[in-house]
Amino acid sequence: MYRYDKIWINTRLGKLDLNGKIVIQDNKFIAIKDGKIAKIDEMKNFGSFTCKDIFDTKNRLITTSLVDCHTHLIYGGNRSNEFERRLNGESYADITKSGGGIISSIKSTRQESFNEIYESSAKRLKALIKEGVTTIEIKTGYGLDLDSELKMLEIAQKLEQNFPIHIQKTFLGAHAVPSEYKNRADDYIDYVCETLMPKIALHVDAVDAYTEHLAFSITQTQKVFKKAKSLGLHVKIHAEQFSMMGATKLACKYKALSSDHLEHIDEDSVKEMAKSGTVAVLLPGAYYFLRETKLPPIELFRKHGVLIAIATDLNPGTSALCSLQLMMNMSSVIFGLTVDEAFEAVTRNAAKALGLEKSKGSLEEGKDADFVIWDIEHPRDLICSFRPTSVFLSVQNGELVDV
Ligand SMILES: [Zn+2]
């Protein structure tokens, strides 16, 4: 019996210190046992270990894997026609009112078969895995009836079985009012709380809501969150994207893992996030895609010590951008995150936004052996240039990922 299953030697570790600064540590080794990081130590202490699998990284940079903490990766159809309509002058709100937007994705997701949606979703997932992502969150919310929501969750389950990826599943029943409940949003929320959530709770990790004038009110969201908590689920929220509604404050009362978008958030709400430990998940892809002009208040998050994560928000209508590395670049260029912040935003803080901070998001003994061996010198190279081929090797739960 070997003490370790695999050992990676001559590594150059890129890690965050406790203050969120990237530090580079040369001449280290990482030993893996049962899919976990069992030991990280200096090469000078390596001599005595035997192990059947020893990999020499030849002083390549290793960091923890990337975490995409907000996606709508599973969906049917394609909304490039709406992209064209927006370029021709229509607003997102107008397109939504005319049956486009989320409603059109619901139609396609209900109509397409399990296999059709699985195949198109698998392509998107592969693109993220190739960039060094080994943990992803996927929301439901394009089904909005029991069969279609369960179909989305079964697709997520099959993706997790077939790909080297950990998937956190979030129920987003309160995404839009489906056409059969047109003008009856309260009735639909009752259906979400009384019919869908009890049957879906076992299959998901958290419950999300889209709280916006285009979608659901504070009162409706509160109903969803109360039910989620009674079922023992975490909550998350899409909040203050187009207007300041106070949705984040509500989410903080329910100890939300994260509040996402936040371009319009005010200082009082930011203070509440700091108190409840809610992560600010910023979505530069949606900001860019919709040509928004109000930036999220990065200075307020810094001032009050709110952790910032970034994610792709990958979806067919408002962020059809399948690259977390591109989001890192955008978060720095457009939102002004520093290199250290952008790196922390897709690793440690993204793991926390999913409630996975004990097992994911950093290179530490005892955590899952999820890491990337890069073809770059320093994590800042990931943020400075958009080069989705920068992964040399990727490892998930101690096993090599086929990229
Ligand atoms: Zn979203």
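Residues numbered from 1 in each chain as written. Predicted model: local features only at pLDDT ≥ 70, side-chain atom pairs only at ≥ 80, totals over all residues.

Caption draft 1: Representation of the overall build of the chain within the structure. From N to C terminus, the chain includes 15 helices and 16 strands. Its C-alpha radius of gyration of 21 Å places the chain within 12% of the 22 Å reference for a compact globule of 403 residues. Scored against the burial criterion, the 403 residues of the chain give a buried share of 51%. Nonlocal contacts in the chain, meaning residues at least 24 apart in sequence, comprise 71% of its contacts between residues at least 6 apart. (Helix = DSSP H or I, 4+ residues; strand = E, 2+ residues; numbered from the N terminus. Rg over C-alpha atoms; globule rule 2.2 N^0.38 Å. Buried ≥ 20, exposed ≤ 12 C-beta atoms within 10 Å, placed from the backbone. Contact = placed C-beta atoms within 7 Å.)

Caption draft 2: Layout of helix α5 (residues 146-162). Helix length check: α5 (17 residues) gives 24 Å between terminal C-alpha atoms against 24 Å at 1.5 Å per residue, within 8%. Lining the buried residues of α5 we find α3 (102-111), α4 (114-130), β7 (133-139), β8 (166-174) and α6 (185-200). (Expected span 1.5 Å × (residues − 1).)

Caption draft 3: Just the nonpolar core, in detail. Core analysis: the biggest nonpolar cluster contains 115 residues, and Ala 280, Ala 309 and Ala 350 have the highest contact counts within it. Considering every element that reaches this core, the biggest residue donor is α6, with seven residues. Counting residues domain by domain, this core receives three or more from each of domain 1 (6-64 + 363-401) and domain 2 (66-353). Residues in contact with Ala 280, not counting those within four places in the same chain, are Ser 259, Leu 262, Met 273, Phe 301, Val 306, Leu 307 and Ile 308. (Core = buried A, V, L, I, M, F, W, Y, C linked by C-beta atoms within 7 Å. Domains from an automatic or database assignment.)

Caption draft 4: Seen up close, the domain arrangement of the chain. Split by domain assignment, the chain resolves into domain 1 (6-64 + 363-401) and domain 2 (66-353). For domain 1 and domain 2, the distance between their C-alpha centroids amounts to 30 Å. Within the side of domain 1 that touches domain 2, the residues separate by chemical class into 10 nonpolar, four polar and four charged. (Nonpolar A, V, L, I, M, F, W, Y, C, P; charged D, E, K, R; others polar.)

Caption draft 5: Quick peek at α6. Considering bend angle alone, the principal kink of α6 is centred on Val 192 and spans about 35 degrees. When we look at burial in α6, the residues that qualify are Tyr 188, Ile 189, Val 192, Cys 193, Leu 196, Met 197 and Ile 200. In the core, the buried residues of α6 are packed alongside α5, β8 and α7 (218-230). (Bend = angle between axes of the 7 residues up to and from the residue.)

Caption draft 6: Structural context of the sheet that holds strand β12 (residues 279-282). Here eight strands make up an open sheet; going across it, the order is β6-β7-β8-β9-β10-β11-β12-β13 and the pairing parallel. In this open sheet, the two strands that pair with only one neighbour each are β6 (66-68) and β13 (308-310). Direction aside, neighbouring strands of the sheet carry axes that sit 25 degrees apart on average. As paired strands, strand β10 (residues 234-239) and strand β11 (residues 258-261) are joined by four bridges and run parallel to one another. Opposite His 238, over in β11, you have Asp 260 as the bridge partner. Along the sheet face, α5 touches β7 and β8 and points at about 170 degrees away from the line of β8. (Pairing = 2+ DSSP bridges. Axes fitted to C-alpha atoms, helices over the stretch in contact; angles between N-to-C directions.)

Caption draft 7: Structural view of the packing of α4 against α5. At a minimum axis distance of 10 Å, the contact between α4 and α5 shows a crossing angle of 50 degrees. Between α4 and α5, the angle is such that the two are oblique. By crossing handedness, the relation of α4 to α5 is classed as right-handed. Side by side, α4 and α5 meet where Phe 114, Ile 117, Tyr 118, Ser 121, Ala 122 and Leu 125 of the first sit next to Lys 151, Glu 154, Ile 155, Lys 158 and Leu 159 of the second. (Parallel < 35°, antiparallel > 145°, perpendicular 65-115°, else oblique. Left-handed = near helix turned anticlockwise from the far one by under 90°.)

Caption draft 8: Spotlight on unusual backbone geometry. Here Asp 34, not a glycine, exhibits a phi torsion of approximately 50 degrees, which is positive. Along the chain, Asp 34 turns up in the loop between β2 (22-33) and β3 (36-42). On the neighbour-count criterion, Asp 34 (10 C-beta atoms within 10 Å) is exposed. Phi is positive for Asn 397, close to 45 degrees, though the residue is something other than glycine. Residue position: Asn 397 is located in the loop between β15 (391-396) and β16 (399-401). For Asn 397, a count of 15 C-beta atoms within 10 Å puts it in the partly exposed group.

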